[in-house]
Amino acid sequence: MINTDKAWGVFCAIIAGVSYGTNPLGGLIMYGEGFNPSSVIFYRFILATVCFAVVMLMNGISFKVSLYELISLAVLGLLFCVSALTLFTSFLYMDAGLASTLFFIYPIFVALTMALLFHEKLSFTILIAIVFTLLGITLLYRGDGEGFNLKGVLCVLGSAVSYCVYMVFINKSKLMMSAIKMNFYMAIFCLLGVTLFSFTAPSNHLLPLNSPIAFMGAIFLAIVPTIISLTFMVKAIKLIGSTPTSIIGALEPLTAVAIGVLLFNELFTIKMAIGIALILTGVLVLIAGSELKEKAKLILNNRTKLWRWRS
């Protein structure tokens, strides 16, 4: 018999992964209308903030937070702001599909951070995942100066590192609040960060949203890769757990690559396909390895108990 909760959880994880992978679609639409990264991020999150606030009001969720929570949420918002800005900036220098694929190496950074700063064991599984990932990144380089250049790579790596710190901070901050409330405040501080960044140079100034196409792009970014993705991700984790949800999250870069190739005529070669496969394999080895290890321990413990009982 099919487990209804598990089936629904898998469906939610698929929706979350695919929807988050559509980031390049909204971003490239707005870029086509002459918008810069700071404007894209600003309008994405100001619309998402309004939606989160409406949901909180409709569900009677309190807006009250303590000083510790406010400071923690500010840190999270600024980290997410840096991650979003650098990721969307990378779209200006390299193919959006490749940028989104490279971004998906952030679980490697999370593993290394936890090992170096919090003394978690750097297992053989993690080392294998790192090797696969580095090989995949090497294969993505075309050597023709197009689609994959140094500025784009540095932007993506900056995005992955800041998102890594964002995830580690959530894990260690022990914030006890609903995902909607957390995302609401995160979006507010992200907006503040983007606004401050917009004053750093004339090219970063916020542009008026006076184009119907750009407005549709902003709405798309606020709803699909932000609200829908975050909502279904929470549901999936509650139903099937974080590890299966993360594994299904491999659909994110695949969706981004498909959008870039099918809608924006980005180049896709066999060499790139192998590189993408190696990166995804490395990440999946990292994510699935811990679960397989736990299952092996459980089986071994059960057999040990059974042997002792028979003795």
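As a reminder, the structure under discussion sits directly above these lines.
Since the structure is predicted, the reported quantities are computational estimates derived from the model, not experimental observations.

1. Remarks on the overall build of the protein
Then step 1. Each helix and strand counted, the protein has 13 helices and 0 strands in total.
Then step 2. Each helix and strand of the protein, placed in order from N terminus to C terminus, yields the pattern α-α-α-α-α-α-α-α-α-α-α-α-α.
Then step 3. The proportion of buried residues among the 311 residues of the protein is 47%.
Then step 4. Here the analysis covers contacts within the protein between residues at least 6 apart in sequence; of these, 87% occur between residues at least 24 apart.

2. What about a nonpolar patch on the surface?
Then step 1. Judged by side-chain polarity, Leu67, Leu70, Ile71 and Val75 come together as a nonpolar surface patch covering roughly 350 Å² of accessible area.
Then step 2. As for its placement among the helices and strands, leucine 70 is situated in helix α4 (residues 67-90).

3. A short note on the packing of aromatic side chains
Then step 1. Summed over all chains, the structure comprises 13 aromatic pairs.
Then step 2. Between tryptophan 8 and phenylalanine 11 the ring centres are 5.3 Å apart and the planes differ by 25°, which places this aromatic pair in the stacked class. Placement of the pair is tryptophan 8 and phenylalanine 11 together in helix α1 (residues 4-20), with a separation of 3 residues, close to one helical turn.
Then step 3. Among the residues examined, tryptophan 8 registers a relative accessible area of 40% and is labelled partly exposed.
Then step 4. Among the aromatic residues, ring-to-ring pairing joins Phe45, Phe80, Phe103, Tyr106, Tyr163 and Tyr166 into one connected group.

4. A short note on the nonpolar core
Then step 1. In this structure, Ile41, Phe45, Leu73, Phe91 and Phe103 are the most contacted members of the largest nonpolar core, which totals 66 residues.
Then step 2. Ignoring anything within four residues of it in the chain, the contact list for phenylalanine 91 reads Asn23, Pro24, Leu28, Tyr31, Ala96, Ala99 and Ser100.

5. Some thoughts on the packing of helix α2 (residues 23-32) against helix α12 (residues 251-264)
Then step 1. The geometry of α2 relative to α12 is characterised by a closest axis approach of 8 Å and an angle of 40° between their N-to-C directions. It follows that α2 is oblique to α12 by the angle criterion. Residues Pro24, Leu25 and Leu28 of α2 lie in contact with α12, whose contacting residues are Ala256, Ile259, Leu263 and Phe264.

6. With respect to the packing of helix α5 (residues 96-103) against helix α8 (residues 150-173)
Then step 1. Where α5 meets α8, the closest approach of the two axes is 9 Å, and the angle between their N-to-C directions is 35°. The chirality of how α5 crosses α8 is right-handed. Contacts between α5 and α8 involve Ala99, Leu102 and Phe103 from the first element and Val156, Ser159, Ala160 and Tyr163 from the second.
Then step 2. Per-class residue counts for the contact of α5 with α8 are 6 nonpolar, 1 polar and no charged.

7. A word on the environment of phenylalanine 11
Then step 1. Judged by its relative accessible area of 41%, phenylalanine 11 falls in the partly exposed class.
Then step 2. Placed 221 residues apart in sequence, phenylalanine 11 and phenylalanine 232 show a C-alpha to C-alpha distance of 8.9 Å.

8. What to know about the side chain of serine 162
Then step 1. Residue placement: serine 162 occurs in helix α8.
Then step 2. At 2.9 Å, the side chain of serine 162 and the backbone oxygen of glycine 158 are in polar contact.
Then step 3. Discounting residues that sit within four places of it in the chain, serine 162 has contacts with Leu79, Val82 and Ser83.

9. Topic: the side chain of serine 90
Then step 1. Along the chain, serine 90 turns up in helix α4.
Then step 2. Setting aside its immediate chain neighbours within four residues, serine 90 contacts Ala99, Gly152, Cys155 and Val156.

10. Details of the environment of methionine 94
Then step 1. Examined against the element boundaries, methionine 94 turns out to sit in the loop between α4 and α5.
Then step 2. A relative accessible area of 4% places methionine 94 in the buried class.
Then step 3. Each C-alpha atom of the pair methionine 94 and leucine 150 lies 9.2 Å from the other, and the pair is 56 residues apart in sequence.

11. So, the environment of asparagine 149
Then step 1. Relative to the assigned elements, asparagine 149 resides in the loop between α7 (124-140) and α8.
Then step 2. On the basis of relative accessibility, which here comes to 25%, the residue asparagine 149 falls in the partly exposed class.
Then step 3. Along the chain, asparagine 149 and serine 90 lie 59 residues apart, while their C-alpha atoms are 9.5 Å from each other.

12. A word on the state of the cysteines
Then step 1. Taken as a whole and assessed by the stated rule, the structure comprises 0 disulfides.
Then step 2. No disulfide involves cysteine 190; its sulfur sits 4.4 Å from the nearest other cysteine sulfur, which is in cysteine 81.

Rules of the game
- Here the residue index of a chain counts from 1 through its sequence in written order.
- Residue-level local features of this predicted model are given only where pLDDT is at least 70; pairs of side-chain atoms are given and counted only at 80 or more, and the full residue set underlies all totals for whole chains, interfaces and linings.
- Only hydrogens and water are set aside when side-chain values are computed; all heavy atoms of the structure are taken into account.
- Secondary structure follows DSSP: runs of H or I at least 4 residues long count as helices, runs of E at least 2 residues long count as strands, and numbering of each begins at the N terminus.
- Partly exposed residues are those whose accessible area sits between 20% and 50% of the maximum for their type, while under 20% is buried and over 50% is exposed, using a 1.4 Å probe and protein chains only.
- Note on contacts: a residue pair qualifies if any of its non-hydrogen atoms lie within 4.5 Å across the two residues.
- Patch membership is restricted to residues that have no salt bridge and whose relative accessible area is over 30%. Joining uses 9 Å for like charges and 5 Å for the nonpolar side chains Val, Leu, Ile, Met, Phe, Trp and Tyr.
- Residue burial considers only the protein chains on display, and all accessible areas are found by Shrake-Rupley using a 1.4 Å probe.
- The rule for a salt bridge is simple: a side-chain nitrogen of Lys or Arg has to be within 4 Å of a carboxyl oxygen of Asp or Glu.
- Between rings of Phe, Tyr and Trp, where Trp is taken as its six-membered ring, a pair exists when centres lie within 6.5 Å; planes separated by under 30 degrees are stacked, by over 60 edge-to-face, and by other angles tilted.
- Nonpolar cores are built from buried Ala, Val, Leu, Ile, Met, Phe, Trp, Tyr and Cys residues. Side-chain atoms within 4.5 Å join them into one set.
- For helices, the axis comes from a line fit to the C-alpha atoms of the stretch in contact; other axes are also lines fit to C-alpha atoms, and the angle between any two N-to-C directions lies between 0 and 180 degrees.
- Should an angle lie under 35 degrees it is considered roughly parallel, over 145 roughly antiparallel, and from 65 to 115 roughly perpendicular; all remaining angles are considered oblique.
- We call a crossing left-handed when the near helix sits turned anticlockwise from the far one by less than a right angle, and right-handed when that turn is clockwise.
- Classification used: nonpolar for Ala, Val, Leu, Ile, Met, Phe, Trp, Tyr, Cys and Pro, charged for Asp, Glu, Lys and Arg, polar for all others including Gly.
- Each polar contact in these results corresponds to two N or O atoms within 3.5 Å; when the atoms are within protein, one needs to be able to donate a hydrogen and the other to accept it, and residues that are neighboring in sequence are counted only if both atoms are side-chain atoms.
- Any two cysteine sulfur atoms lying within 2.5 Å of each other are counted as a disulfide.

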